[in-house]
Amino acid sequence: MTQAPKKLHIKTYGCQMNVYDSERMAEAMAPEGYVLTEDPAEADLVLLNTCHIREKAAEKVYSDLGRLRPLKEAKPDLKIGVAGCVAQAEGEEIMRRMPLVDLVVGSQSYHHLPGMVRAADRGEHPVETEFPVEDRFTLLPERPAPSRPTAFLTVQEGCDKFCAFCVVPYTRGAEMSRPVDRILAEARKLVSKGVREITLLGQNVNGYHGQAQDGETWGLGRLSRALAEIDGLDRIRYTTSHPNDMSDDLIAAHAEEPKLMPYLHLPVQSGSDRILKLMNRHHTAEFYLRLIERIRAARPDIMLSSDFIAGFPGETEQDHRDTLALIGAVGYGMAYSFKYSPRPGTPAAGRDQVDAETADRRLHEIQDLITRQQRAAQESMVGREVGVLFEKPGRLPGQWVGKSDYLQAVHVEAPEDMRGRIARVRIAASAPNSLAGALV
Ligand code: 5AD
Ligand code: SF4
């Protein structure tokens, strides 16, 4: 008699790297007989794949764990695991604070997960937060057929930049680039299973420097060009980048390689040189603006996005105005902004903080400006023709939803099955978060 499958519920917080990791954890647990469920109430194993980047994200994990308590009381066999960056940063401290947690697996240790779950089933409380020496992805099982025509592929992990606000160098460790041939092999597999768009992931993805079989070290430009040669792979994206690692070759690839999509997330964090220095960013606002000019010269239609932090310690009203001025000068297609959140162990956490009210007001001013730019960018699409990769049916009958070259959600009416197809669409209407048009 075969056993009924066990059920696994994964909740993912934070960045796209965590989305990728959650998929890989589900795959690691499949050979153990676990199938995914959306409903934590029917799960035998709940994994929280956590984010440590800001206090709010990290504290959310504890309130969510509190909410799992009645489930665990009703079903004592339920195992609860904490994975991801909070696990990496806090380790067994999590179990001390939340005794209902059965296992803690740091973001670099997912290949240990099946063994750890078995140990938890025996009543143990395993904690694993080591950084492995090898490429951790080779230690995980092969990826099954994805259900979407788009996929993430981690090419680089960790960060050596040590921005004064950021926990990533501590939670994800030192920069590590996966070798070129493994990435190409993973990409070919994904494409053979129907994937047409790959987003290359890394905390500092444009700092990619992987060993190739020709004995050389390749940057992201060269890697993108090699990926572009894969038949059936039509779109390449990458995220997240640092301005200082935007090499000439990568910029040139944007000019020469049409499969490299015209959307670039290039966080600058602040428009003030004084704050950039305090943030340990190692570049000026002027450097960033000139860089954007060069990128736009290579690919004039490129859409830009960024991250901003409001209320970084020591930020004055003038510094804040410099940030607004930089946003005004660039003109973003979209951008994310956050109120500064002091993180344990990072240099800026111990400095004089900007009061919460001021930081909130500055955040709103940044967000207002970005929202206006975003609206304008959306509206500027009306009347234009754009490539769209269709991913799924829309909410209305006959409707299909996909992503434009510029990563905007686009709706069309189409009688046939559009899933996985790339088509030209003429945009007829824009809303703040989506566009609508007709197939050309
Ligand atoms: N406080 C606020 N925002 C932060 N970010 C990273 N660390 C912090 C922090 N301590 C933001 C940065 C980064 C994005 C992923 O999160 O803008 O680019
Ligand atoms: Fe964090 Fe990015 Fe700075 Fe690295 S480059 S420390 S990941 S903000």
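What counts, and at which threshold
Residues numbered from 1 in each chain as written. Chains lettered and ligands numbered in written order. Predicted model: local features only at pLDDT ≥ 70, side-chain atom pairs only at ≥ 80, totals over all residues. Heavy atoms only, no water. UniProt positions renumbered as here; feature names shortened; annotations may be inferred. 1 Å grid on protein atoms, 1.4 Å probe; cavity = no way out; pocket = protein on both sides within 12 Å on 5 of 7 lines; lining within 4 Å. Points joined across faces, edges and corners; volume = space filled by probe spheres on them. Helix = DSSP H or I, 4+ residues; strand = E, 2+ residues; numbered from the N terminus. Nonpolar A, V, L, I, M, F, W, Y, C, P; charged D, E, K, R; others polar. Near = heavy atom within 4 Å. Polar contact = N/O pair within 3.5 Å; in protein donor to acceptor, adjacent residues only side chain to side chain. Areas by Shrake-Rupley, 256 points an atom, 1.4 Å probe, with all protein chains shown as cover. Domains from an automatic or database assignment. Contact = heavy atoms within 4.5 Å. Buried area = accessible area lost by both parts, 1.4 Å probe. Buried < 20%, exposed > 50% of the residue type's maximum accessible area, 1.4 Å probe, protein only. Pairing = 2+ DSSP bridges. Axes fitted to C-alpha atoms, helices over the stretch in contact; angles between N-to-C directions. Core = buried A, V, L, I, M, F, W, Y, C linked by side-chain atoms within 4.5 Å.

For the chain, the name recorded in an unreviewed UniProt entry is tRNA-2-methylthio-N(6)-dimethylallyladenosine synthase, with Paenirhodobacter enshiensis as its organism. The UniProt entry for the chain carries the following text under Sequence similarities (unreviewed entry): "Belongs to the methylthiotransferase family. MiaB subfamily." In its Subunit (unreviewed entry) section, the UniProt entry covering the chain states "Monomer."

A. Fine view of empty space enclosed by the protein. Applying the stated rule across the entire model yields one cavity of 30 Å³ or more. Roughly 40 Å³ of volume is contained in the largest cavity. Along the walls of the largest cavity sit Ile236, Arg237, Tyr238, His254, Leu260, Met261, Tyr263 and Leu264, which together make up its complete lining. Those elements giving two or more residues to the lining of the largest cavity turn out to be β13 (235-239) and β14 (263-265). A per-class count over the lining of the largest cavity returns six nonpolar, one polar and one charged.

B. Seen up close, the site of ligand 1. The environment of ligand 1 is formed by Ile53, Arg54, Phe165, Gln269, Asp307, Ile309, Phe338, Lys339, Tyr340, Ser341 and Arg343. Within the side chain of Arg54, one N or O atom sits 2.8 Å away from an oxygen atom of ligand 1. One nitrogen or oxygen atom from the side chain of Asp307 is found 2.6 Å from an oxygen atom belonging to ligand 1. Look at ligand 1: alone it shows 400 Å² of surface, and the protein chains cover 87% of it. Mapped by element, the contributors of at least two residues to the shell around ligand 1 are β15 (303-310) and β16 (334-339).

C. Representation of the domain arrangement of the chain within the structure. Once the domains are mapped, the chain shows domain 1 (6-128), domain 2 (137-379) and domain 3 (385-439). Computed over C-alpha atoms only, the centres of domain 2 and domain 3 are separated by 26 Å. At the interface, 17 residues of domain 2 touch 20 residues of domain 3. When domain 2 packs against domain 3, the two sides together hide about 1,500 Å² of surface, and 54% of this comes from carbon and sulfur. If you sort the residues of domain 2 by the area they bury against domain 3, Arg196, Arg235 and Gln378 come out on top, with a joint share of 40%.

D. Layout of the site of ligand 2. For ligand 2, the full set of nearby residues is Cys159, Lys161, Phe162, Cys163, Phe165, Cys166, Val168, Pro169, His242 and Arg281. Taken together, the residues of the shell around ligand 2 break down into seven nonpolar, one polar and two charged.

E. Quick look at the layout of surface pockets. Empty space within the second largest pocket amounts to approximately 340 Å³. Arg54, Lys56, Lys339, Tyr340 and Ser341 are the residues nearest the centre of the second largest pocket, which is lined by 16 residues in total. For the lining of the second largest pocket, the secondary-structure elements that each account for two or more residues are α2 (55-74), β16 and α13 (356-379). In terms of residue count, α13 provides more of the lining of the second largest pocket than any other element does, four residues in total.

F. Structural detail: the UniProt feature "binding site: [4Fe-4S] cluster 1" (unreviewed entry) in the chain. Annotation from UniProt places "binding site: [4Fe-4S] cluster 1" (unreviewed entry) at Cys15, Cys51 and Cys85. Over a stretch of 71 residues, the named residues converge on one spot in the fold, their C-alpha atoms separated by at most 10.6 Å. Relative to the assigned elements, Cys51 resides in the loop between β3 (45-50) and α2. For Cys51, a relative accessible area of 10% translates into the label buried. Those residues within four positions of Cys51 in sequence are excluded, and the remaining contacts are Tyr13, Gly14, Asn18, Ala57, Ala58, Cys85 and Val86.

G. Just the pairing of strand β19 (residues 409-413), in detail. Note: strand β18 (residues 399-404) against β19, five bridges, orientation antiparallel. Its bridge partner being in β19, Val401 is matched across the sheet by His411. Where β18 folds back on β19, the antiparallel hairpin that results is connected by four residues, among which Leu407 adopts a positive phi of roughly 70°.

H. Layout of the sheet that holds β15. The three strands lie next to each other as β14-β15-β16, forming an open sheet whose pairing is parallel. Across the chains shown, the open sheet's two edge strands, defined by having one partner strand only, are β14 and β16. Going across the sheet, the axis of each strand differs from the next one's by a mean of 15°, ignoring polarity. For β15 and β16, the ladder comprises six bridges, and the chain directions are parallel.

I. Broad picture of the nonpolar core. Residues Leu200, Leu223, Leu227, Tyr238, Met246, Phe308 and Tyr332 are the most contacted members of the largest nonpolar core, which totals 54 residues. Setting aside residues no more than four positions away along its own chain, Leu227 makes contact with Leu184, Ala187, Leu200, Leu233 and Ile236. By size, the runner-up hydrophobic cluster in this structure holds 21 residues, among which are Val61, Tyr62, Leu65 and Ile94.

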